[in-house]
Structure formats: structure tokens, C-alpha cells
Amino acid sequence: MTEMHDRRPSDATSATSALATSTAAAARRPGTTTLERGGPARSGRRSAAARAGDAPNGAVAGDLTQTRIMRSEWIKLRSLRSTQWTMGLAVLLLIGLAVPLCISASGNWTPAEVAAGKQDPTYQSLAGLLLAQVAIGVLGVLTMTGEYATGMIRATFGLVPRRLPVLWAKAAVLAGATFVLMLVASVVSFLIGQAILGSHGVGVSLGSDGAARAILGAAFYLTAIALLGLTLGALLRHTAGAVTALLGAVLGLPLIFSMFGERLESAQEYLPSLLGAAISSTAPVRLTSLLSPGRAFVMLCLYIAVLGVASAYVITRRDV
Amino acid sequence: MIEARGLTKRYGTKVAVEDLSFTVRPGAVTGFLGPNGAGKSTTMRMILGLDRPTEGSVLVDGRRYRDLASPARHVGALLESRAIHTGRSARDHLLALAATHGIPRGRVDEVIEVVGLQDVARKRAGGFSLGMGQRLGIASALLGDPGTLVLDEPVNGLDPEGVRWIRDLLRGLAAEGRTILLSSHLMSEMSMTATHLIVIGRGRLIQETTVEEFVRGASGGRVHVRSPQAAELAELAAREGATVTYSAALPGGAGADAGREAVPGSEADAIEIAGLPSERIGELARAYGIALYELTPRLASLEEAFMDITRDAVEFDAATPATSRGNR
């Protein structure tokens, strides 16, 4: 860290001077100055490492470990603007939608309805996830397809030739970041929504039955969508294809299923978006056509597992 | 050290690489030559485990690449197609790659400086020129201070300064005992950088040799001679079994077989004699009292040698399937 800190000022000044000149000049200049300077100095240092041969002492590169690959994936995730955009958008949509939804509900609901479980204040304040999932899903897809589209995947798999550790690391880092951020956003969304509803006497508190579980469920559902996007990205390798597949499954299928009427009604509750509703609402199961939160959780895990195994199979077999 | 044994890659019915065996030894720059589509890039991808061989295997330092505990310590690679996320800065790109092997930040800044990208290291790689992208690729190849470097067309898009830098860098690294496999379409560049050669055509090995031998083999022992009695000398040489051509008429020397008929009665004083060492020509001239103005052994350029040999290979390969399949 200190090294990096020391270098920063000089880097910053040289970067500004490079910006002033043309790109071509910026590219050529370092070639003339530093290459001659850097070359001989380096080879002296390198020969020492060459004599050491395979011995890890003195070598700059250590062994591959899952932790290191996860650190690498974390650097990748946070150093892309698309991550900031999609994550930011997801937070914004989640919280932003809670406000109008709860304002509209606060005028119509009665405390009796809420007490009877006919209205669900908790889900009302979390329903922004219906749009947030689009942004999160795209992020999940891009985590994988961004590498295929740019060729970065060859550098990645070139350094981690067993490949699967990369898939696990990407999944872990993406899931961790998404879950933490979406949990915070869900809590904020819930608190804002309940403040609005509460002013009309139709709100609930964090301590009320199922509220905390619903908030955790919302964050988990969004994490699941991110992982489904990631695995679809690994399977299809193209951003447009994977995004289409994901949004088709999440947003399109419920509409199609409902058009078939009663025949597919029982199957409908297994669709990802309805599992999302099941896991993040507190309405009693007997009043909804949804699975119980526990079964919804298991089903989502199952989807992730199936697609995860499929993408693992494909990743290890395909040439890149 | 890279050892390929019976390496074969088929895409459906199309054969990209067939039964390719070679060894790239440490301490030298080995050039990897072949016409477009010969299978160079495919072979390099198979070395790195990016493409799975249909048959055969390739070992790096005695082990399969995927079995190495620390791949970056053994091999650094620059592949032909770009392998950089356009949305990430050069430094973040290298930091992410370095993290997989626990390579310290200091090393990342070091390689950035070595390739001369420090002024643009914090800019997004998407805006990089071809040459800058190439430098970044070389920086990532050097990250783990590897014992073996696999570089596909590294001078692509580099300015003359950069080309010279690469040449010096690679020779220096080879001198330290590292293994370097380098492909390039620029023959002049290859002849200046490489000492050893692996030549492939249509996915098969044509020659595994040194640059020197390769060029000597292709030149066919031609000697350029200038003499006022050239016709006389030509006749003597022809009698010794040599092929003689008039240099002026055939500057490339490609059609050496057409030589004999041009010998008698010609007034040109410059001839090329193939198939007779220059020592023997000198002795002949002395024995018959022929004055010599010039006696120069001719070496083909690497490019000429390459064209000669790969042309033969292409013809040979084109003929093989027709005979083996019989009727088509």
C-alpha cells in the first residue's frame, strides 16, 4: 500500500501532461524514455529470479489459490463502471419505487385490512425489486459475458487454466456484493415505506411478524437473479442472448403462463419472479397462490444449482 | 521449456493442427513460422490450455499447463487477439490478473514502467491504440516473471522503437535462460530476433531447426561469380555437375534448372553456380587460368527460405489427400 501511495503523485502529474499531448505522442513518449531506462535495469533483477528457477523464494508469483482468485474477481467487479451503474440503478429503483407505491397504498388501505393479512405493507415497500431485478440481472450477465465479448476471458483462463475456480470466485464475489448492497437497500426501502404507511396507520415495524425475513428474502431473491444472470452468461456467452433469456424467464413467463389460464396456474408459482414475491412478502400463504417462503428459498437455490452445474460443465469443456 | 507431442486439433472435419511434435528449449528465442492458417495461434492456445487438443499433449516444464500450481510463474503469454476488458484501466487490468497469483502491487507498477504505459495506466483500455494494447498485453505476459514466454505476433502495431525494444527484451530474456516462443509474419524481424525455428504448414511440422541452417538449406549452396571468362567457367562447373544460371536473367535464382542451356556463347560476366562449394570453384578457376572478379556465397533471406519451403509444403500437402482418398 505504501508503494502505491508513493507513486501516486508522480503518476498523477505525468498523466495530466500526457492528456495535454495527443494520444499518439503519449504512446510513443514512454517508449523512447523509459524502455531504454527500464530494460537493462530489469534484466539485472530478472536474472536473479531466473537462477532461482522454480523455487518459490524470490519468485514474484505465488501459487493459485481460491482466495486469490476471489480477490482478482473483486478487483474486476469494482473496477468497472457498469458495476457502479447497474448496482446504483438497482438501489435507486428499489428505494425509489417504495415511495410512490406506499403513498398510493396509504390512501386506500384500512388498518383492518392490514391486520387481517389482506394487504401486505412489507411487500408494498419492497416491490421495487420487480424493477431492480432487471438491473441486477444485467450485472450478473455482464460479469461473465463482458469477459467473452472483450476477449478478457482468455487472459483469465490463461492464468487459471482449471477455469472452475474462476466461476466459483465470480459467483461468490457477485453474490456477496449483491446481497450486502441489496440488503441495505431493502432495509432502507422498508423503513421509508413503513414511515409513509405508518403515518396513515397501515404500516408495520421491523419487529413485526415476517418483516425481517421478507427483507432478507428480497435481498436473497435479487442475489439469486444476479447468479442466474451469471450462469446464463456463462452458458450463452453473449450479453444480448443471456439478458433476453433472463428477462424472458423473469418478466415474460408469468405473463405467458397466466394467458394459459387455470391449466398452468399451479405451475406458475414455481416461476422465479413469483418465488421472489413469495420470499419477500408476509401475506399468509392461504390468501395467495404462492409457495411458502421456505419452499420458495429452496426452489431458488435449486435453480441456481442446476444452472451452476450446467455452466460449470460447459466452461470446462469449451475452447475459448 | 515446451514439449509438444503428437498435438492434433480438429474442428469438425477441418484439421487445424495435425500430429505436431516439437520442443522449445530454454536459452533461445524460437521463431514459430507458418503461412496464415497454418495453425500457429491454435498451437499457442493449446499450450495455454485455452483450446483442448483433439489428440496428443503439450507439456510446459514437464507438466501439463493446467496442472501447474503457479501457471504465471511458468508461462507468460500474449495471444494474437486482444484479451483486455475495454472498460477497465490498464492498471486495474494488471492488478486483477496479478491478484490470482498473489503478485504484489509493486510488480504491477514495475511492468507498467517496463512497457512504458505509466502515463496512461489509469485510463480505460478501450481507448488504447493497437500498439498500446500490445504493450499492455506484453506487460501482463511479464507479470509473473515467467520462465517461458509465448508471444503471438508481439510486434503487431508497434512503432519501430517498440519493435526494437521487443527484440532487445526478448534476446535479453533468452540470454537469462528463459524459453521464448515467438510467432511473427515479419521475416526480417524474425531473423533478427530468433535463433531457432519451428516451421509449420497446414498444421504439420515442416522443419525444426536453427535460423542459420534453415536459411543455408534454402539457399542451396549458390555462389555468385563474376569473371571475364564466365562462359568458360560455367562450362567447367556444369561438367562438375553444378547448375549454372546467369544472375542478371534470373535475379531470384528460383529457376535454377533452366541454367545449362544459357551457358554457351553468352557474353554476360556474372553467373550463379549452384551445387558446387566456392572453394572448388576457386580451384577450378586457378587450374584453368580463369580470372575471378568476384566469388560470393549467396545466402537466401529468411523470407526467401520461408517462401520456398512453405510453398513446397503446401504443394506436398495439397497432393497428399488426393492420393490417399483416391477418387474424388
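Since we're looking at a predicted model, the values are computed, not measured.

Caption draft 1: Main features of the overall build of chain B. From N to C terminus, chain B includes 11 helices and 14 strands. Per-residue burial over chain B gives 54% buried out of 328 residues. Taking the contacts inside chain B whose residues are at least 6 apart along the sequence as the reference set, 71% of them involve residues at least 24 apart. Surface summary for chain B: the accessible area is close to 13600 Å², and the carbon and sulfur share equals 50%.

Caption draft 2: Local environment of the nonpolar core. Formed by 151 residues in total, the largest nonpolar core has its most connected members in Leu170(B) and Leu302(B). Top element by residues in this core is helix H10 (residues 211-236) of chain A. It accounts for 16 residues. Dropping the residues within four chain positions of it, Leu302(B) is found in contact with Leu33(B), Met187(B), Met190(B), Ser191(B), Leu197(B), Val211(B), Phe214(B) and Val215(B). If you look at the next biggest cluster of nonpolar residues, it comprises 17 residues, including Ala242(B), Tyr246(B), Ile271(B) and Ala285(B).

Caption draft 3: A look at the pairing of strand S11 (residues 222-226) of chain B. Residues and elements named next belong to chain B. Of all 5 residues that make up S11, 4 are buried, and the element is covered over most of its length. Relative to strand S13 (residues 270-274), S11 runs antiparallel, the two sharing 5 bridges. What sits directly across from Val 223, in S13, is Ile 273. When S11 meets strand S14 (residues 294-298), the two strands line up antiparallel, connected through 5 bridges. Pairing of Arg 222 across the sheet is with Arg 298, part of S14.

Caption draft 4: How the structure looks around the sheet that holds strand S1 (residues 2-11) of chain B. All names here are of chain B. Strand order in this open sheet of 4 strands is S2-S1-S4-S5, and the pairing throughout is antiparallel. Single-partner strands in this sheet number two, and they are strand S2 (14-24) and strand S5 (63-64). Both strand S4 (residues 55-60) and S5 contribute to a ladder of 2 bridges, which runs antiparallel. Looking at the pairing, Leu 59 lines up with Arg 64 of S5.

Caption draft 5: Spotlight on unusual backbone geometry. All names here are of chain B. Of note, Asp 61 is a non-glycine position whose phi angle comes to about 50 degrees, a positive value. Position of Asp 61 among the secondary structure elements: in the loop between S4 and S5. Of note in this structure, Glu 153 is not a glycine but carries a positive phi near 50 degrees. When its relative accessible area of 4% is taken as the criterion, Glu 153 is described as buried.

Caption draft 6: The arrangement of the packing of aromatic side chains in detail. Overall, the coordinates contain 2 aromatic pairs over all chains when judged by the stated rule. Note on Phe220(A) and Phe297(A): the rings are 4.7 Å apart at their centroids and 45 degrees apart in plane angle, and the pair reads as tilted. Of this pair, Phe220(A) sits in helix H10 while Phe297(A) is found in helix H14 (residues 293-317), placing the two residues 77 residues apart along the sequence. For Phe297(A), a relative accessible area of 38% puts it in the partly exposed group. When the ring of Phe22(B) is compared with that of Phe32(B), the centres are 5.9 Å apart and the planes differ by 50 degrees; the resulting orientation is tilted. With Phe22(B) in strand S2 and Phe32(B) in strand S3 (residues 28-33), the pair connects residues that are 10 residues apart, well separated along the chain. By the burial criterion, Phe22(B) is buried, and Phe32(B) matches it.

Caption draft 7: Region of interest: the packing of helix H7 (residues 129-150) of chain A against helix H11 (residues 239-259) of chain A. Residue and element names in this part refer to chain A. Orientation of H7 relative to H11, taken along the N-to-C sense of each, is 150 degrees, at an axis distance of 9 Å. Comparing their axes, H11 and H7 come out roughly antiparallel. Crossing geometry of H7 relative to H11 is assigned as right-handed. On the side of H7, the interface is formed by Leu 130, Gln 133, Val 134, Gly 137, Val 138, Val 141, Leu 142 and Thr 145, while H11 contributes Thr 239, Ala 242, Val 243, Leu 246, Leu 247, Val 250 and Leu 251.

Caption draft 8: Molecular detail of the sheet that holds strand S12 (residues 243-246) of chain B. All names here are of chain B. Taking strand neighbours across the sheet as the criterion, the 4 strands line up as S12-S13-S11-S14 in an open arrangement whose pairing is antiparallel. Edge positions in the open sheet fall to S12 and S14, since each of these has one partner strand only. Sheet twist, expressed as the average angle between the axes of neighbouring strands with direction ignored, equals 25 degrees. Packing against the sheet, helix H9 (residues 230-239) makes contact with S11, S12 and S13, and its axis sits at approximately 155 degrees to S12.

Caption draft 9: Just the pattern of salt bridges, in detail. All names here are of chain B. This model, assessed by the stated rule, comprises 23 salt bridges over all chains. Residues Glu 189 and Arg 167 are paired through a salt bridge, measuring 3.2 Å at the closest nitrogen-oxygen approach. Of the two residues, Glu 189 is situated in helix H7 (residues 187-193) and Arg 167 in helix H6 (residues 160-175); the sequence distance between them amounts to 22 residues. Of the two residues, Glu 189 and Arg 167, both sit in the buried class. Salt-bridge contacts for Asp 269 lead to Arg 226; the nearest nitrogen and oxygen are separated by 3.4 Å. Of this pair, Asp 269 sits in the loop between S12 and S13 while Arg 226 sits in strand S11, and the two are 43 residues apart along the sequence. Assessed through its relative accessible area of 30%, Arg 226 is described here as partly exposed.

Caption draft 10: Quick look at H10(A). With 26 residues, H10(A) extends 37 Å between its outermost C-alpha atoms, agreeing within 8% with the 38 Å of an ideal straight helix rising 1.5 Å per residue. Looking one or two residues beyond H10(A), the residue adopting positive phi is Arg237(A), at roughly 65 degrees.

Caption draft 11: Up close: H9(B). Residue and element names in this part refer to chain B. Within the sequence span of H9, burial applies to Ala 230, Leu 233, Ala 234, Leu 236, Ala 237 and Ala 238. Here the buried face of H9 lies against S11, S12, S13 and helix H10 (278-287). Gly 241 sits one or two residues past H9 and shows a positive phi near 95 degrees.

Caption draft 12: Summary view of the confidence of the model for chain B. Residues and elements named next belong to chain B. Per-residue pLDDT for chain B averages 86, and the proportion of residues at 70 or more is 88%. No element of chain B has a lower mean pLDDT than helix H11 (residues 302-325), which averages 61, and none a higher one than helix H3 (residues 90-99), which averages 97. Within the model, the stretch residues 249-267 combines pLDDT values under 50 with 22 contacts to residues more than four positions away or in other chains. A low-confidence stretch, residues 318-328 (pLDDT under 50), is modelled with 2 contacts involving residues beyond four sequence positions or located in other chains. We note a pTM of 0.80 for the whole complex and an ipTM of 0.80 for its interfaces.

Reading guide: rules and limits
What you see as residue numbers is a count from 1 along each chain, following the sequence as written. Chain A is the first chain written and ligand 1 is the first ligand written, with later ones labelled in order. In keeping with the predicted nature of the model, local features appear solely for residues at pLDDT of at least 70, side-chain atom pairs appear and are counted solely at 80 or more, and the whole-chain, interface and lining totals rest on all residues. Hydrogen atoms and water are omitted, and side-chain values are computed over all heavy atoms in the structure. In DSSP terms, a helix is any run of H or I states spanning at least four residues, a strand is any run of E spanning at least two, and both are numbered starting from the N terminus. Exposure categories follow from relative accessible area, calculated using a 1.4 Å probe and restricted to protein chains: below 20% of the type maximum is buried, above 50% is exposed, and the middle band is partly exposed. The contact definition used throughout considers only heavy atoms, calling two residues in contact when any of these lie within 4.5 Å. For every accessible area listed, the method is Shrake-Rupley and the probe measures 1.4 Å; residues are considered covered only by the protein chains on display. Nonpolar core, defined: a set of buried Ala, Val, Leu, Ile, Met, Phe, Trp, Tyr and Cys residues in which side-chain atoms within 4.5 Å join the residues together. The pairing criterion is simple: DSSP has to find at least two bridges between the two strands. Only the six-membered ring of Trp is used, alongside the rings of Phe and Tyr, when aromatic pairs are assigned; centres must lie within 6.5 Å, and planes under 30 degrees apart are stacked while those over 60 apart are edge-to-face, with the rest tilted. To get an axis, a line is fitted to the C-alpha atoms, and for a helix only the part in contact is used. The angle between two axes follows their N-to-C directions and goes from 0 to 180 degrees. Angular relationships are summarised with four words: roughly parallel below 35 degrees, roughly antiparallel beyond 145, roughly perpendicular across 65 to 115, and oblique for the angles in between. Left-handed describes a crossing whose near helix is turned anticlockwise from the far helix by less than a right angle; the clockwise case is right-handed. Within this document, salt bridges are pairs made up of a side-chain nitrogen of Lys or Arg and a carboxyl oxygen of Asp or Glu, the two lying within 4 Å of each other. Expected span of a helix, by definition, is 1.5 Å for each gap between consecutive residues, and there is one gap fewer than residues. What pLDDT reports is the predictor's confidence in each residue, on a scale of 0 through 100.

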